[in-house]
Structure formats: C-alpha cells, structure tokens
Amino acid sequence: MKLVAVGFLVLATVLYVLSGIFAGPVWLGYVHAAAEASMVGALADWFAVTALFRRPLGLPIPHTALIPNRKNLLGASLGDFVGSNFLSEQVVRDRLHRADISKRFGAWLSQRENAARITSELANVARGVVAVLRDEDVQAVVEHAVVQRLMAIPWGPPLGKLLAHVLADGSHHKLVDLMCDRAYEWVRDNHDTIQRVVADRSPSWSPKFVDSILADRVYNEILGFAWAVKTDVNHPMRGTLDRFLIDFAGDLQTDPITMERAEAVKQQVLTHPEVQHVIGTTWTNAKRMLLDAAEDPSSELRRRVLEGLVVLGERLETDDATREKVEGWIEGGAAYVVTHYRAEILTLITDTIERWDAEETSRKIELQVGRDLQFIRINGTVVGALAGLIIYAASQFLF
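What you see is a predicted model; the values in this text were computed from it and never measured.

Chemist: Got a minute to help me understand the overall build of the protein in this structure?
Modeler: Along its length, the protein carries 19 helices and zero strands. Once the C-alpha set of the protein is aligned to its principal axes, its extents read approximately 165 × 45 × 40 Å. The 399 residues of the protein split such that 27% are buried. Carbon and sulfur atoms make up 64% of the accessible area of the protein, which totals about 26600 Å². Each charge sign in the protein was given a centre, from 42 positive and 50 negative side chains, and these centres are 5 Å apart.

Chemist: What exactly am I supposed to notice about the nonpolar core here?
Modeler: Generally speaking, a soluble globular protein has its nonpolar side chains buried in company with each other. By size, the foremost hydrophobic cluster in this structure holds eight residues: Tyr184, Val187, Ile194, Val198, Ala215, Tyr219, Leu223 and Ala226. Of the residues forming this core, the biggest block, four residues, is contributed by helix H12 (residues 208–231). Apart from residues lying up to four places away in sequence, Ala215 is in contact with Ile194, Gln195 and Val198. Counting six residues, the second-largest nonpolar core is a separate cluster that includes Leu87, Val92, Val338 and Leu346.

Chemist: Mind showing me how you'd approach the side chain of Arg377 here?
Modeler: Assignment of secondary structure puts Arg377 in helix H19 (residues 358–398). At 3.0 Å, the side chain of Arg377 and the side chain of Gln374 are in polar contact. Among all residues touching Arg377, those that are not within four sequence positions of it are Lys2, Ala5, Val6, Ala42, Asp45, Trp46 and Val49.

Chemist: Is there a simple way to think about helix H7 (residues 112–132) in this case?
Modeler: An α-helical turn contains 3.6 residues, so a residue and the one three or four places further along point in the same direction. Under the 1.5 Å per step criterion, the end-to-end length of H7 is 30 Å for 21 residues, consistent within 8% with the ideal 30 Å. Those residues of H7 not exposed but buried are Asn114, Ala115, Thr119, Ala123 and Val130.

Chemist: Which parts of the structure should I look at to understand unusual backbone geometry?
Modeler: Residue Asp100 is not a glycine yet carries a positive backbone phi of 50 degrees. Relative to the helices and strands, Asp100 is located in the loop between helix H5 (89–99) and helix H6 (101–109).

Parameters and conventions
Residues numbered from 1 in each chain as written. Predicted model: local features only at pLDDT ≥ 70, side-chain atom pairs only at ≥ 80, totals over all residues. Heavy atoms only, no water. Helix = DSSP H or I, 4+ residues; strand = E, 2+ residues; numbered from the N terminus. Buried < 20%, exposed > 50% of the residue type's maximum accessible area, 1.4 Å probe, protein only. Areas by Shrake-Rupley, 256 points an atom, 1.4 Å probe, with all protein chains shown as cover. Lys, Arg positive; Asp, Glu negative; His and termini not counted. Charge placed at Lys NZ, Arg CZ, Asp CG, Glu CD. Core = buried A, V, L, I, M, F, W, Y, C linked by side-chain atoms within 4.5 Å. Contact = heavy atoms within 4.5 Å. Polar contact = N/O pair within 3.5 Å; in protein donor to acceptor, adjacent residues only side chain to side chain. Expected span 1.5 Å × (residues − 1).

Just distances and angles here, no functional claims.
The following block contains the structure:
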C-alpha cells in the first residue's frame, strides 16, 4: 500500500513536469494545476501519516513520532476509556442481563452429553486436588476439626436434649421392645445358667433336689416376668424404664455429677486406641473412595453429579425464580469485581503498554492499521488534484 501511495505521488509529479515542459495548450494548464495540488496533498498526508509513527526524514520536527513519544499517555487514556465505558457497574449489569447467561447455560447443561462433559471435568479436578493435598496435612486438619472440637464441646447437655426429644416422640419404644425380646430369649435359653447360679448361692447343707426345685421356681418366675414385660406394652417395668430415661435425660443437662461422668466417658471414648485408629485412617479411606468414584464413570457419585447437573440445567431453563436468583448472583459477583478491582484490571492495560518498547510498539501498530492509513495518502493525492483543478478553473473564470 505504501508503494501504491508513492505511485500516485510519482504519477502526479510526472504529470506536473510534463505539463510544465509542454506548456501552451489551455487544457495543459488545468492538468498542471491539478498535478501541482495533487503533489501538495500527497506530501501533506504523507507527513501526517508518518508523523504518527516516526520523525519524517529523521528531522526533529515538533509533534511528530506521536505514538513512540506518547505511548504511556496513550495507554493511560486507553485504560481510562475502558474503565469508563466497559468496566462500570451499570454497563456490566446491563450487559449481563441482556446476555441471559443462566437460561442459555441451562439449555446447554440440560443436554445429557454436556452434563457428562462437566461431570468428567469435575472428576478430573477432584482427582487433581486430592493428588496435590498432602495426607499428613489433611490428617492434621481432620484431627483438629474433629477431635479437638469434640473434646472442647461438653457431651452431657446435647445428649440430654437429644434423649429428651427421642423420649418425647416415643421413638425409643422400638428399642425397648428389642431389649425386652432379647431379655426374654436369653432367660428362655439359659435354664442351666440360672440353675447353676442358684446352686452356687445355696447353703452347703441344702439338699440337691431342693436346689433344683428352687432353681426351677426362680427360672419360671423370671421367665414369666420377662414374658409379661415383652408382651404387655403397659407393664410397670416399661413405665419405670421410661421414668428412668426421662430423669437421666434431665440429669445430663442439669446434674453436675452426671455431666462430669458423661465427660469422663467422652474422654475414654475419644482416647480409645480403636477410635484413634479410625480417626487416623479417615482421610486415607475417604481419599481412596473419592479417587475410585472419580475414576469410575459408572460410580454412584458420578451418576448423582450427572443427574444433578441435568436437573439444574432444566431448572435454569424453565424456572424463572431459579434463573433470576442465579442471574442476581452473576451480576452481583461481576459488579463486585469491577467495583473493587477495576483499578487492578486497568493496571493490566497500562502496565503492559508501559513495558512495550516504544519503537516496537509503533511498528506493530503501523502494521495493524498502516494499510488503512495509506488510503489517506491516496485520497489526499486524488482530493488534492480535484481541489487544484477546481481552484484553477475558478481563477481562470474570475480573473
């Protein structure tokens, strides 16, 4: 394009010279004037275009080489322009609202193959995160979060409240039924044990047949009592047990002695070697399960994630309330970013431009827009010729 623009200038120069040499006919005067004005227009526009990127002919003419000399100022102006017209909260909110991101994303996500892609990427992220985490660090966090918190919280009042709710709902009756059933079955199946206990506790002078009769009597009484408790839901023994549990639930919340005993039990439980082993292997087991589930496309975890994503996409596509809520989150998040971090974002523009080499920057910009700028030179040559022609014609007519 530079060669084309120079060619127009050369053509105007040749016409100017020839029309001056062969002066005589009237029409050559018009050609001579047009060529002269065309040369002036071409040179003026060449100077204007060149002055943007470098000093014309290397001469230290003021207000030339504008881009190399004002690179940083142009970067700051560009940053201000972007900040005012693109990174204002109202512009961002309006643009995001018109984009209808949540509905479009929901329509895309509701397609199972797209949800499967997201699930696969989430599995890769999960595997990467798990692989990066150090086992000893995670284990320390687990022990601190679980053991230390459990040690710091008194067990008595929470357990008492929980037991009180269970008793109020009657949810413990099934457990009482199970205990009564097992107690009856144990008595029924342990006649010899009861007989041996009676014989061991009887006086040495007591005859054996008397011990046997007494043992049978004791066995039958205990068996009958266990059967009555098992079959009669209103048995006094059951009522006594309920009253005991109610009193125990209250003591766990208010009685210092009972609460202290609960704390002692807590200490024994948490410091037990088996419990410590379970806590110590929690992360190892969880890590293995998570990796296995993430690697297996047919695992229950990935299936649930896939179904959840599909349902989420359908809700975003059809449910206005859900879509408006998500849109509010998106707009609010974007508004927060541009409000609090606009300066940092604009610094990316200004700092980047400041780090550019002035001459290299000028060369890159010229390569990007130079083609269009050469049209300015061409248009200047043509328009100059027309202007010179008109001015010369008007002069001949008037003078």
